Amino acid sequence: MKHQHPPHSPQFYLTAPSPCPYVEGEFERKVFTHLAGDRAPELNDLLTQGGFRRSQNIAYRPACETCRACVSVRILVDQFEPTRSMRRAVSRNDDLIGAVHDAEPSSEQYSLFRTYLDARHHDGGMADMTVLDYAMMVEDSHVDTRIVEYRRRGPDSFITGKGEGELVAVALTDWMADGLSMVYSFYDPALEHRSLGTFMILDHIARARAAGLPHVYLGYWVNGSRKMAYKVRFEPQEHLGPKGWERYEPKQG
């Protein structure tokens, strides 16, 4: 007789080992569960606070047998103070405005997404994503997910709250009870001088502060990974360790 689980009890699964994309010579495994139904937002909040990330309707976290390099990071919004270089990034992008939309994909978003991947992550795990794959990434969510589209300010932006012209950057973001979780973001690689990645994080910090939300979740940081080094620049922040969330104190020298 098949064992019947309680209807609201999430079932967790473990992936098979595969080569780690961040630490050479290591193998990664993930524990994951499905996010579906009316309780998906509540479950996503709890799991995110426990170090999980969301991808479509799946919540996952590393469960590697010999490595603990992946560390969950969240910014402490109320105490955050931008550095001088961050203030310069805001100034460089003061002609941009981010408009929040329902999580609906568009051909314009996918075009920018492809340009970004081809320039920055052409050999990564997302390199072969089709327009349908992108649509699933955006739409397949049972939680409060929204798209923030960044465009240049126009003469009517102060009325409409929207920019005009070409799409410059996009953030796919989950709105949670205790913060914003940046699921994925991308931007026009030809505008590298604008520091758009930094700008989008700063914009999310401002949005979280305005909404009274204490955290911005940035996903995983791997010490020594050049691709992830930017995440620890946003201080103060907390890292999830064996004792729970603890304030990160960077080593001096």
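Provided above is the structure to which this section pertains.
How each quantity is defined
- Residues numbered from 1 in each chain as written.
- Predicted model: local features only at pLDDT ≥ 70, side-chain atom pairs only at ≥ 80, totals over all residues.
- Heavy atoms only, no water.
- Helix = DSSP H or I, 4+ residues; strand = E, 2+ residues; numbered from the N terminus.
- Rg over C-alpha atoms; globule rule 2.2 N^0.38 Å.
- Buried < 20%, exposed > 50% of the residue type's maximum accessible area, 1.4 Å probe, protein only.
- Lys, Arg positive; Asp, Glu negative; His and termini not counted.
- Charge placed at Lys NZ, Arg CZ, Asp CG, Glu CD.
- Pairing = 2+ DSSP bridges.
- Expected span 1.5 Å × (residues − 1).
- Phe/Tyr/Trp six-rings, centres within 6.5 Å; stacked < 30°, edge-to-face > 60°.
- Lys NZ or Arg CZ within 6 Å of the ring centre and 35° of its normal.
- Contact = heavy atoms within 4.5 Å.
- Axes fitted to C-alpha atoms, helices over the stretch in contact; angles between N-to-C directions.
- Parallel < 35°, antiparallel > 145°, perpendicular 65-115°, else oblique.
- Nonpolar A, V, L, I, M, F, W, Y, C, P; charged D, E, K, R; others polar.
- Core = buried A, V, L, I, M, F, W, Y, C linked by side-chain atoms within 4.5 Å.

**Side note on the overall build of the protein**
Now for step 1: Counting secondary structure elements, the protein contains 6 helices and 14 strands.
Now for step 2: Taking 2.2 N^0.38 as the reference for a compact globule, 253 residues should give roughly 18 Å; the C-alpha atoms of the protein span a radius of gyration of 19 Å, in line with that estimate.
Now for step 3: Counting across all 253 residues of the protein, residues that qualify as buried make up 45%.
Now for step 4: Looking at the protein, you have 30 positive and 34 negative side-chain charges, and the mean spots of the two groups are 6 Å apart.

**Thoughts on the sheet that holds strand β4 (residues 30-34)**
Now for step 1: An order of β1-β4-β6-β5 is seen for the 4 strands of this open sheet, with the pairing classed as antiparallel. At either end of the open sheet lies a strand with only one pairing partner, and these are β1 (13-14) and β5 (53-55).
Now for step 2: Examined bridge by bridge, β1 and β4 share 2 bridges and lie antiparallel to one another. Looking at the pairing, Tyr 13 lines up with Phe 32 of β4.

**Quick notes on helix α6 (residues 196-210)**
Now for step 1: Helix length check: α6 (15 residues) gives 21 Å between terminal C-alpha atoms against 21 Å at 1.5 Å per residue, within 8%.
Now for step 2: Among the residues trailing α6, Gly 212 stands out with phi positive, at a value near 75°.

**Concerning the packing of aromatic side chains**
Now for step 1: If you walk through the whole model with that rule in mind, you get 16 aromatic pairs.
Now for step 2: Pairwise contacts between aromatic rings join Tyr 110, Phe 113, Tyr 116, Tyr 134, Tyr 184, Phe 186 and Tyr 187 into one cluster.
Now for step 3: Above the face of the Trp 245 ring, Arg 74 is positioned so that its terminal group lies 4.1 Å from the ring centre.
Now for step 4: A cation over a ring is seen here: Arg 146 above Trp 175, with NZ or CZ 4.3 Å from the ring centre.

**A short note on the environment of Asp 128**
Now for step 1: Position of Asp 128 among the secondary structure elements: in the loop between α3 (107-120) and α4 (131-139).
Now for step 2: Sequence-distant contacts of Asp 128, defined by excluding residues within four places in its chain, comprise Arg 114 and Asp 133.

**Quick look at the sheet that holds strand β12 (residues 215-222)**
Now for step 1: Judged by pairing direction, the sheet is mixed, and its 8 strands sit side by side in the order β8-β9-β10-β11-β12-β7-β13-β14 without closing on themselves. Both edges of this open sheet fall to β8 (96-102) and β14 (244-247), since each of them pairs with a single strand only. Recorded for the sheet is a direction-independent mean angle of 35° between the axes of neighbouring strands.
Now for step 2: Bridge count for strand β9 (residues 145-152) against strand β10 (residues 164-176) is 7 bridges, and the pairing is antiparallel. By the bridge assignment, Thr 145 is partnered in β10 with Asp 174.
Now for step 3: Its contacts with the sheet put helix α1 (residues 40-49) on β10, β12, β13 (237-241) and β14, and the angle it makes with β10 is roughly 85°.

**Let's talk about the packing of α3 against α4**
Now for step 1: Running from amino to carboxyl end, α3 crosses α4 at an angle of 110°, the nearest separation of the two axes being 10 Å. Between α3 and α4, the crossing angle belongs to the class labelled roughly perpendicular. Contacts from Gln 109, Tyr 110 and Phe 113 of α3 reach α4 at Val 131, Tyr 134 and Met 137.
Now for step 2: The class makeup of the residues in the contact of α3 with α4 is 5 nonpolar, 1 polar and no charged.

**What to know about the nonpolar core**
Now for step 1: Formed by 50 residues in total, the largest nonpolar core has its most connected members in Phe 113, Ile 205 and Phe 234.
Now for step 2: Excluding residues within four positions of it along the chain, Phe 234 makes contact with Ile 75, Phe 80, Met 86, Thr 198, Ile 201, Leu 202, Ile 205 and Leu 218.

**So, the packing of helix α2 (residues 84-92) against α6**
To describe two helices that pack against each other, one gives the angle between their axes and the distance between the axes.
Now for step 1: For the pair α2 and α6, interaxial distance at closest approach is 9 Å and the crossing angle is 95°. When the axis of α2 is compared with that of α6, the two are roughly perpendicular. Here Met 86, Ala 89 and Val 90 of α2 come into contact with α6, specifically with Thr 198, Phe 199 and Leu 202.
Now for step 2: When its residues are assigned to classes, the contact of α2 with α6 shows 5 nonpolar, 1 polar and no charged.

**Here's the deal with unusual backbone geometry**
Now for step 1: The step from Glu 235 to Pro 236 runs through a cis peptide bond, and the omega angle for that step is -5°.
Now for step 2: Here Pro 236 shows up in the loop between β12 and β13.
Now for step 3: One non-glycine residue, Gln 56, lies in positive phi territory at about 55°.
Now for step 4: Mapped onto the fold, Gln 56 is located in the loop between β5 and β6 (58-62).

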